[in-house]
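Breakdown of the fold
Okay, here's what each chain looks like letter by letter:
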Amino acid sequence: MLKHTKISLIIRGVLFAALGIFCLCSPKGTLEGIAWIIGICLIAVGVVTFFLGRKGDKGVDTMYLISAILMAAVGVVVIIRPQIIAIILGVLIVFEGVEFLIQAIRCQKSGVRHWGMILVVSLIIIAFGLWAVFTPWVGATLLSLIVGIGSIGIAVDCFAMLAGLGRLERFFHEEKKMIGE
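Computed from a predicted structure; not experimentally measured.

1. Quick notes on the overall build of the protein
- In terms of regular secondary structure, the protein is built from 7 helices and 0 strands.
- Ordered by position from the N terminus, the helices and strands of the protein form the series α-α-α-α-α-α-α.
- For the protein, the accessible surface area stands at approximately 9,400 Å², while carbon and sulfur atoms represent 73% of it.

2. Focus: the packing of aromatic side chains
- All chains considered together, the criterion is met by 2 aromatic pairs.
- Taking 5.3 Å as the distance between ring centres and 85° as the angle between the ring planes, the aromatic pair formed by Phe50 and Phe51 counts as edge-to-face.
- Taking the centre distance of 5.8 Å and the plane angle of 40° together, the rings of Phe128 and Trp131 count as tilted. Placement of the pair is Phe128 and Trp131 together in helix H5 (residues 115-134), with a separation of 3 residues, close to one helical turn.

3. Structural notes on the side chain of Arg12
- Positionally, Arg12 belongs in helix H1 (residues 2-25).
- Those residues in contact with Arg12 that lie beyond four places of it in its chain are Val45, Thr49, Tyr64, Glu96, Glu99, Phe100 and Cys158.

4. Digging into the side chain of Glu99
- The residue Glu99 is located in helix H4 (residues 85-110) in this model.
- Its relative accessible area of 15% is what places Glu99 among the buried residues.
- If we skip the residues at most four places from it in the chain, Glu99 touches Arg12, Met63 and Ser67.

Thresholds applied
- Counting from 1, residues in each chain are numbered in the order their sequence is written.
- Reporting of local features is limited, given that this is a predicted model, to residues whose pLDDT is at least 70; pairs of side-chain atoms are given and counted only at 80 or more, and all residues count toward the totals for whole chains, interfaces and linings.
- Side-chain metrics in this entry use all non-hydrogen atoms of the structure; hydrogen atoms and water are not considered.
- Secondary structure is summarised from DSSP: a helix means a run of H or I of at least four residues, a strand means a run of E of at least two, and numbering begins at the N terminus for each.
- Only the protein chains shown count as cover for residues, with accessible areas throughout obtained via the Shrake-Rupley method and a probe of 1.4 Å.
- Ring pairs shown here join Phe, Tyr and Trp side chains whose ring centres sit within 6.5 Å, with only the six-membered ring taken for Trp; geometry is labelled stacked below 30 degrees between planes, edge-to-face above 60, and tilted in between.
- We call two residues in contact when some of their heavy atoms are within 4.5 Å.
- A 1.4 Å probe rolled over the protein chains alone gives each residue an accessible area, and that area as a share of the maximum for its type sets the label: buried under 20%, exposed over 50%, partly exposed in between.

The structure is reproduced here in structure tokens:
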């Protein structure tokens, strides 16, 4: 499971970083162009997460599979209906932020050094996601900046999780041992 999780985090981190950089460097791009790129990235992340998340612990499998299906579905919807991108992306960013918030708590319990950074960035991700959901009338430039910052935050959390993954796996292994005894 560790190998698949590492690959998933690397791919997610790189794709969200690329999306964030694109959105920040080209904020005046058209909504349709941004929607296509975001849609393609979300479909790719969904497909990768679906295939890599099928191995390992059953509880983790379900979360990864649901997340993968939702990401791919949101990607398709964003391509078809670019005008609803703010709300859909805001919700997606909130869900990603909550996922990393939960991971930050797990990291803190297992003694991972970077858990505080993951926690803070997760809260920022959630705030930007909520902002996009509750202010969908913002212009394409501001939306691009919000999505860019949120996407880079997700990438930062992916790489921070990658840095603490070994310790987190040891923590879960020790918990399983204690439960089994």
